[in-house]
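# Fold and contact review
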Amino acid sequence: MVWFAVSFGCGIFLVDFLNQFTFGGFQLGFWFAQQGSIYTFVVLIFVYAACIARIDRKHQVDEENDES
C-alpha cells in the first residue's frame, strides 16, 4: 500500500503539485516517478526483513539459533 501511494500517488496523481518543488535539480514529481518509488521499495524491503526477524526471535524460530 505504501509503495502504491508513493509510486502512483506522488508520481502520477500529485505530480502537478509536487513539480512546484525541486529535489537534486529535478522537479519533485518527476523525481518520485523515476527514483522515489524505487528508494521507497528498497526501504520497505529492509523494514519487512527487520519486522520478520523480530517476529522470528519472539517465537524462537530465528535462523541464527537454529541447531540442525
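Shown above is the structure to which this text applies.
Below is a short write-up of the structure. A quick note: this is a predicted structure, and the numbers were derived from the prediction, not measured.

### What about helix H3 (residues 28-58)?
Along its length, H3 reaches its greatest deviation from straightness, about 50°, at Gln35. Restricting attention to buried positions, one finds in H3 the residues Leu28, Gly29, Trp31, Phe32, Gly36, Ser37 and Thr40. As for H3, its buried residues are in contact with helix H1 (2-13), helix H2 (15-18), strand E1 (22-23) and strand E2 (26-27). Following H3 by one or two positions, Gln60 adopts a phi angle in the positive range, close to 55°.

### Quick word on H1
Looking at H1, one finds that the buried residues are Val6, Ser7, Gly9, Cys10 and Gly11. For H1, the secondary structure elements touched by its buried residues are H2 and H3.

### So, a nonpolar patch on the surface
Judged by side-chain polarity, Phe4, Phe8, Ile12, Phe13, Leu14, Phe17 and Phe21 come together as a nonpolar surface patch covering roughly 740 Å² of accessible area. Element by element, the count of residues in the nonpolar patch is highest for H1, at four residues. Take Phe8: it is sitting in helix H1.

### Digging into the environment of Trp31
Secondary-structure assignment places Trp31 in helix H3. Sequence spacing of Trp31 and Cys51 is 20 residues, and the spatial spacing of their C-alpha atoms is 28 Å. Residues in contact with Trp31, not counting those within four places in the same chain, are Phe23, Gly36 and Tyr39.

### What to know about the packing of aromatic side chains
Scanning the model with the defined rule gives six aromatic pairs in all. Ring plane angle 40° and centroid distance 4.9 Å describe the contact between Phe4 and Phe8, whose orientation is recorded as tilted. One end of the pair, Phe4, and the other, Phe8, are both in helix H1, four residues apart, so they sit about a helical turn from each other. Ring geometry for Trp31 and Tyr39: centres 5.9 Å apart, planes at 45°, overall tilted. Exposure remark for Trp31: the relative accessible area of 17% places this residue in the buried category. Site record: aromatic cluster; members linked through ring pairs are Phe23, Trp31, Phe32 and Tyr39.

Quick notes on the rules
Residues numbered from 1 in each chain as written. Predicted model: local features only at pLDDT ≥ 70, side-chain atom pairs only at ≥ 80, totals over all residues. Heavy atoms only, no water. Bend = angle between axes of the 7 residues up to and from the residue. Helix = DSSP H or I, 4+ residues; strand = E, 2+ residues; numbered from the N terminus. Buried < 20%, exposed > 50% of the residue type's maximum accessible area, 1.4 Å probe, protein only. Contact = heavy atoms within 4.5 Å. Patch = residues over 30% accessible without salt bridge, like charges linked within 9 Å, V, L, I, M, F, W, Y side chains within 5 Å. Areas by Shrake-Rupley, 256 points an atom, 1.4 Å probe, with all protein chains shown as cover. Salt bridge = Lys/Arg side-chain N within 4 Å of Asp/Glu carboxyl O. Phe/Tyr/Trp six-rings, centres within 6.5 Å; stacked < 30°, edge-to-face > 60°.

Take it as geometry only, folks, not as evidence of what the structure does.
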